[in-house]
Amino acid sequence: MPKTKADLMAFLAELGIITSTKRHPPLYTVADSQALRGEIAGGHTKNLFLKDKKDNFFLVTVAEDAVVDLKQIHQVIGAASRVSFGRPEMLMELLGVTPGAVTVFGVINDTANRVKLVLDKDLMEHAVINAHPLTNEATTSIAAGDLIRFVEATGHDAAILKVSA
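Keep in mind that what you see is a predicted model, and the values were worked out from it rather than measured.

Caption draft 1: Just the overall build of the chain, in detail. Summing up its helical and strand segments, the chain has 5 helices and 8 strands in all. Secondary structure elements of the chain, listed N to C terminal, follow the sequence α-β-α-β-β-α-β-α-β-β-β-α-β. By the compact-globule yardstick of 15 Å for 165 residues, the chain fits well, its C-alpha radius of gyration being 15 Å. Each principal axis of the C-alpha atoms in the chain carries an extent, and together these give about 40 × 30 × 25 Å. A burial count over the chain gives 50% of its 165 residues as buried. In the chain, 67% of the contacts between residues at least 6 apart in sequence involve partners at least 24 apart.

Caption draft 2: Spotlight on the packing of aromatic side chains. Considering all chains together, one arrives at 3 aromatic pairs under this definition. Seen from their ring centres, Phe11 and Phe150 are 5.9 Å apart, and the 80 degrees between their planes marks the pair as edge-to-face. Of this pair, Phe11 sits in helix H1 (residues 5–14) while Phe150 sits in helix H5 (residues 144–153), and the two are 139 residues apart along the sequence. In this pair, the class of Phe11 matches that of Phe150, namely buried. Judged by centre distance (5.3 Å) and plane angle (70 degrees), the ring pair of Phe105 and Phe150 falls under edge-to-face. With Phe105 in the loop between helix H4 (88–95) and strand S5 (115–120) and Phe150 in helix H5, this pair connects stretches of sequence that are 45 residues apart. An aromatic cluster is present here, built from Phe11, Phe105 and Phe150 joined pairwise through their rings.

About the criteria used
Residues numbered from 1 in each chain as written. Predicted model: local features only at pLDDT ≥ 70, side-chain atom pairs only at ≥ 80, totals over all residues. Heavy atoms only, no water. Helix = DSSP H or I, 4+ residues; strand = E, 2+ residues; numbered from the N terminus. Rg over C-alpha atoms; globule rule 2.2 N^0.38 Å. Buried < 20%, exposed > 50% of the residue type's maximum accessible area, 1.4 Å probe, protein only. Contact = heavy atoms within 4.5 Å. Phe/Tyr/Trp six-rings, centres within 6.5 Å; stacked < 30°, edge-to-face > 60°.

All quantities given are derived from atomic positions and should not be read as evidence of function.
See below:
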């Protein structure tokens, strides 16, 4: 069973990471979430769950308004070929989330370390990063440095690369 929002919050607390979480109606797209911009400060995320032809999986987290060239991104992230979007079944299997709730926090469920996480350099320039806490019915704010600590505590590398145009 994938970890829940409560499991995630407990894990963050064990790491001594302080976050704030705001509940809201389900948000499925960046456009949906932009209605909250006045209420939640910081960098807001857009997440791309990608795979290459050798079934290598990538979670690319960028700022919500970032432009990403999907025809060229494979060269930046180290994919074996051009990438496509991963299937919803693999998203659930690897990150424990459904489309519309994809989040950097999903790496907590990738215990086999099959997903390479890429954080966009421009996003990481924000002091605070906002992401869904494994559900699209809330937004969790976390300090950028603490996000990296979280990622590393899950056994993943926090690859910070310039992926947005």
